[in-house]
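# Fold and contact review
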Amino acid sequence: MANPIQRVLLIEDTESLAKVYKAYLRDSAVVVEHVTTFADAKVKLANQLPSLVLLDLNLPDHDGIDILRMLHNSGCTVPVIVITAHGSVETAVEAMRLGAYDFVSKPVEARRLQVTVNNALSFYALNRLVDKYETQHTRAGFHGFVGASTPMQAVYQMIERSADSRATVFVLGESGTGKEVCAEALHQAGSRQGQAFVPLNCAAIPKELVESELFGHIKGAFTGAQKDRQGCIQAADKGTLFLDEICEMELDLQAKLLRCLQSGKVQPVGSDTLIDVDVRIICASNRDPWKEVEAGRFREDLYYRLHVVPITLPPLRRRGDDVLLLAKRFLQQYGSEEGKRFVGFSRQAEWTLSKFGWPGNVRQLQNVMRQLAVIHPGGKVAQEDLPAPLSQVVCEPPRDTPAQFQWSQPGSDSSTPPPAPVEEAGAPQSLADIERQAIEDAITRCEGNITQAASLLEVSPSTIYRKMQVWQQA
Ligand SMILES: Nc1ncnc2c1ncn2[C@@H]1O[C@H](COP(=O)(O)OP(=O)(O)OP(=O)(O)O)[C@@H](O)[C@H]1O
């Protein structure tokens, strides 16, 4: 297909020079439209954007740099080549700052003009192609993420858009959905990527030590503080601090964190000195932070300071075919670590994987695949090869009726379907019911020990406690 005609808008108040430039560009396969004033240029640009603007800064009715400023402020990516007789360094710098593609001093040589115009047009065409490709292309992964589902495309876009900002991102999502992966992606996709990424899990550290972990301490600040120690905030200076499980932070510490964020200064425990820091904060929680505010466990002022850009990670059960994409990727990875080659799953195994509720999300899927890679000899994985809790699921591939699951009774042989016909099996269960049943079953099997049940299901105990709280309130 022939290339479309490229339109060049020439903004030049001297008619004779305009004629010269048009002559120079005669062989460049462009149509040159010429205006002599700022006002006419504005009208032309408002009617139709050209492929390129050739701009003389010295116009009779206005400073030409304002054309550049106008295009820049509107986010327009049309390349602008600035031509001026008054080629001062300041003007050149200002023009470049406003996004000018090139800066050409008068008298303009024919070859110089032809080369810069042709280069700018190719550059612009390429940029448009990349933009088109990026918006149309569905990504099967992004930084540490694997996933091509629509909800994950929205997550990738949010990460891309907020990566370069200093605004705090609050990552929300159930346990194991990839909140830390998201924080790292935000760091890697942004301009702080070469600097430190410091994660701090506020729930994993004894409460009395969190303050010193965050702000650092000086020697003698408390018993056991034998030397000065830098905290995470200082360690993340110029980079990113990831505060995981932020809702677990004590209220008095929340107040100190807020002061630090507002002042941009950190005060180590036991010290009078305030130290300047430049840190981008990303925080995460698997609780709803606003509910924590309402319950009086999270400061409202800190909530507003942190909850600037929320990114919610969908649970794995809402990611459609991503389950299989992830399962295959993990199995391949762990299989090759075990020196085995896997060729995928049987149809029924795929169906079970994709219809299972995955209460522990990607982390649980990861662990199931790791287990499979160890216990399975390699090749194709069948339904009966799937480890617990999937092995306990009797599933029936869909016919005309909705998908259905049952937990097999103790003593039954899951490797020998045939699955019960839908009518005999009772009413179809929702995913929430299946998840509840799985959790209750695990708790019974572990004789009420929540920690053991959590480890059996590959989720954190707090996930189970949270679910139980929801059931009690229902
Ligand atoms: N989309 C994904 N692609 C590949 N790996 C993933 C994805 N999501 C999560 N993971 C992996 O799953 C595991 C759990 O992820 P991560 O720790 O980020 O979850 P989390 O939401 O922070 O969990 P928690 O709330 O329990 O802290 C990690 O090993 C991570 O690498």
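Attention in this report is confined to the structure presented alongside it. (Residues numbered from 1 in each chain as written. Predicted model: local features only at pLDDT ≥ 70, side-chain atom pairs only at ≥ 80, totals over all residues.)

For the protein, the count of helices and strands is 18 helices and 20 strands. The buried share among the 474 residues of the protein stands at 32%. Across the protein, the fraction of contacts at a sequence separation of at least 24, relative to all contacts at a separation of at least 6, is 69%. (Helix = DSSP H or I, 4+ residues; strand = E, 2+ residues; numbered from the N terminus. Buried ≥ 20, exposed ≤ 12 C-beta atoms within 10 Å, placed from the backbone. Contact = placed C-beta atoms within 7 Å.)

Attention shifts here to the site of the ligand. As a matter of local geometry, the ligand sits amid 18 residues, with S175, G178, K179, E180 and V362 nearest to it. Elements with a contribution of two residues or more to the shell around the ligand: strand 7 (145–146), helix 7 (179–189) and helix 15 (361–375). Its residues assigned to classes, the shell around the ligand shows five nonpolar, nine polar and four charged. Formed jointly, the shell around the ligand draws a minimum of three residues from each of two domains, domain 2 (143–314) and domain 3 (316–390). (Near = placed C-beta within 6 Å. Nonpolar A, V, L, I, M, F, W, Y, C, P; charged D, E, K, R; others polar. Domains from an automatic or database assignment.)

On to the sheet that holds strand 4 (residues 80–84). Strand order in the open sheet formed by five strands is 2-1-3-4-5, and the pairing between neighbours is parallel. In this open sheet, the two strands that pair with only one neighbour each are strand 2 (30–35) and strand 5 (102–105). Across the sheet, the axes of successive neighbouring strands diverge by a mean angle of 20°, strand direction being ignored. In this sheet, strand 2 lies alongside strand 1 (residues 6–11) in parallel orientation, the contact comprising six bridges. When the sheet's bridge partners are listed, L10 is paired in strand 2 with H34. (Pairing = 2+ DSSP bridges. Axes fitted to C-alpha atoms, helices over the stretch in contact; angles between N-to-C directions.)

Here we come to unusual backbone geometry. Note: most residues except glycine have negative phi, and most peptide bonds are trans. A cis geometry characterises the amide bond from K106 onward to P107, with omega recorded as -5°. Of note, P107 is situated in the loop between strand 5 and helix 5 (110–136). Phi at H143 is positive, roughly 45°, even though this residue is not glycine. Along the chain, the position of H143 falls in the loop between strand 6 (141–142) and strand 7. The residue E245 is not glycine, and still its phi comes out positive at about 50°. Tracing the sequence through the fold places E245 in the loop between strand 12 (240–244) and helix 10 (251–263).

Taken in spatial order, the five strands line up as 9-12-15-8-16 in an open sheet, and their pairing is parallel. The open sheet has two edge strands, strand 9 (197–201) and strand 16 (309–312), and neither has a second partner. Strand-to-strand, the axes of this sheet are offset by a mean angle of 20°, without reference to chain direction. Here strand 9 runs beside strand 12; their pairing, made up of five bridges, is parallel. Counterpart to N201 in the pairing with strand 12 is D244.

Another aspect to go through is the packing of helix 6 (residues 150–162) against helix 7. In the contact formed by helix 6 and helix 7, the axes pass within 8 Å of each other and the chain directions differ by 45°. As far as their axial angle goes, helix 7 and helix 6 are oblique. As helix 6 packs across helix 7, the resulting crossing turns out to be right-handed. Across the interface between the two elements, I159, E160 and S162 from helix 6 touch C182, A185, L186 and A189 from helix 7. Residues that form the contact of helix 6 with helix 7 fall into these classes: five nonpolar, one polar and one charged. (Parallel < 35°, antiparallel > 145°, perpendicular 65-115°, else oblique. Left-handed = near helix turned anticlockwise from the far one by under 90°.)

Turning next to the nonpolar core. Among the nonpolar cores identified, the biggest contains 40 residues, and V171, I233 and L241 are the most heavily contacted of them. Excluding residues within four positions of it along the chain, I233 makes contact with L214, F215, L241, C260, V266, V277 and V279. With 29 residues, the next largest nonpolar core counts L9, I11, V53 and L68 among its residues. (Core = buried A, V, L, I, M, F, W, Y, C linked by C-beta atoms within 7 Å.)

Right, let's talk about the environment of Q254 for a bit. Position of Q254 relative to the elements: it lies in helix 10. Taking the C-beta count within 10 Å as the criterion, Q254 has 21 such neighbours and is therefore assigned buried.

Now for the packing of helix 13 (residues 322–337) against helix 15. Taken N-terminus to C-terminus, the directions of helix 13 and helix 15 make an angle of 40°; their axes are 9 Å apart at the nearest point. For the element pair helix 13 / helix 15, the angle class is oblique. Both helix 13 and helix 15 take part in a crossing whose hand is right-handed. Two secondary-structure elements touch here, helix 13 through V323, L326, A327, F330, L331, Y334 and G335 and helix 15 through V362, L365, Q366, M369, R370, L372 and A373. Among the residues making up the contact of helix 13 with helix 15, the classes are represented as 11 nonpolar, two polar and one charged.

Let's shift gears to the environment of N367. Position of N367 among the secondary structure elements: in helix 15. N367 gets classed as partly exposed once you count the C-beta atoms within 10 Å, which come to 19. Through-space distance from the C-alpha of N367 to that of F330 is 9.1 Å; in sequence the pair is 37 residues apart.

A few words now on helix 3 (residues 65–73). Turning to helix 3, its buried residues number three or more, namely I67, L68 and L71. Projected down its long axis, helix 3 shows its buried positions confined to an angular sector of 100°, all on one face. Of the residues trailing helix 3, G75 is marked for its positive phi of about 80°. (Arc of directions from axis to C-beta.)

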